[in-house]
Amino acid sequence: MKISIITATYNSERTLRDTMESVLRQTYHDYEYIIVDGVSKDGTLDIIREYEPRFEGRMRYVSEPDHGIYDAMNKGFALATGDVVGILNSDDFYTSDDVLQSVVDGFGGEYVDAVYADVHYVSCEDLSRCVRYYSSGVFRRWMMRFGMMPAHPSFYCRRAVYTQYGIFDTAYRIAADFEIMLRLLFIHRIRTRYVKKDFVTMRLGGASTTGYGSWSLIMKEHLQIMKKHGVVTNRFLLSLRYIYKLFEYL
């Protein structure tokens, strides 16, 4: 099983080495690593060129203007040739060296379309300090009415599923990951399996974790997404997930 890993970058020199090193440390080697850069102005491209030989032909990259991170990810999907596709953000890294092997193991046995697992958030100042643990083990499809979903950075899905049902909707600035998960899991009910493992370490400070402005936009886009797909919900129901998030921090 060949895995396509997509990383979108823009001025990512501060964190990209950790991301790429974690890919290189993987014990499973049947993968391709695709980096889509948005014409970074810092040293990101220098780092990419420095690391390219170490991947021994398994890495490809492009650098060109895009219309945001979801557009960049869609470009990565277009380049992907693997059986399975996953996203590894440029400020995240794999928590252990056997994550890709666990992905492959998750697809074993009874046929599934996708697997997902856990992630955890860390402080930018201390990568060893877990600030929030995001377990996908409790997820059930009905929870999407409350705006809940499996941890998207842990989500690995067959490329054929994206070919059939589509990729990111770039009309959404911050919640296109929720829209695609709602479309695949709730609307089309693809077959999934939870892997009880921490796949990804995430730094706090991403687009969805930076204060009231981002939370307000997430609420607005979640309501638009639900309406688009005919899913009944409201602001109150969508707000309840923040109570669950509090327990993740605790």
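Use the structure listed above.
Residues numbered from 1 in each chain as written. Predicted model: local features only at pLDDT ≥ 70, side-chain atom pairs only at ≥ 80, totals over all residues. Heavy atoms only, no water.

A. Representation of the environment of Gly57 within the structure. Examined against the element boundaries, Gly57 turns out to sit in the loop between helix 2 (44-51) and strand 3 (59-63). Put simply, Gly57 and Val138 are 81 residues apart on the chain and 39 Å apart in space, counted from C-alpha to C-alpha. (Helix = DSSP H or I, 4+ residues; strand = E, 2+ residues; numbered from the N terminus.)

B. Inspection of the packing of aromatic side chains at higher detail. The final tally for this structure, using the stated rule, is eight aromatic pairs. Ring centres of Phe77 and Tyr162 lie 4.6 Å apart, and the angle between their planes is 50°; on these two criteria the pair is classed as tilted. In this pair, Phe77 is assigned in helix 3 (residues 69-79) and Tyr162 in helix 5 (residues 159-165), connecting sequence segments 85 residues apart. As far as the burial class goes, Phe77 and Tyr162 line up, both buried. Through a chain of ring-to-ring contacts, the aromatic side chains of Tyr70, Phe77, Tyr162 and Phe168 assemble into a single cluster. (Phe/Tyr/Trp six-rings, centres within 6.5 Å; stacked < 30°, edge-to-face > 60°. Buried < 20%, exposed > 50% of the residue type's maximum accessible area, 1.4 Å probe, protein only.)

C. The arrangement of the side chain of Asp177 in detail. If you trace the backbone, Asp177 turns up in helix 6 (residues 176-187). The exposure class assigned to Asp177 is buried, which follows from its relative accessible area of 18%. For Asp177, the side chain forms a polar contact with the side chain of Tyr70, separated by 3.4 Å. With residues up to four places along the chain from it excluded, the contact list for Asp177 reads Tyr70, Met149, His152 and Phe168. (Polar contact = N/O pair within 3.5 Å; in protein donor to acceptor, adjacent residues only side chain to side chain. Contact = heavy atoms within 4.5 Å.)

D. Representation of the environment of Met181. One can find Met181 in helix 6. Sequence separation between Met181 and Phe168 is 13 residues; the distance between their C-alpha atoms is 9.6 Å. Contacts of Met181, omitting those with residues within four sequence positions, involve Met144, Met149, Pro150, His152, Phe155 and Phe186.

E. Broad picture of the pattern of salt bridges. In this structure the tally under the stated criterion is 13 salt bridges. Lys2 is the salt-bridge partner of Glu32, the closest N and O atoms lying 3.6 Å from each other. You can see Glu32 sitting in strand 2 (residues 31-37) and its partner Lys2 sitting in the segment before strand 1 (3-9), a full 30 residues away along the chain. For Glu32, a relative accessible area of 6% corresponds to the buried category. A relative accessible area of 27% means that Lys2 is categorised as partly exposed. Linking Arg54 and Glu21 is a salt bridge whose minimum nitrogen-to-oxygen distance equals 3.0 Å. Here Arg54, found in the loop between helix 2 and strand 3, pairs with Glu21, found in helix 1 (residues 16-24); they are 33 residues apart in sequence, far enough to count as distant. In this structure Arg54 comes out as partly exposed when scored by relative accessible area, which is 42%. By relative accessible area, Glu21 is classed as partly exposed at 21%. The network of salt bridges with common partners includes Asp169, Glu179, Arg183 and Lys228. (Salt bridge = Lys/Arg side-chain N within 4 Å of Asp/Glu carboxyl O.)

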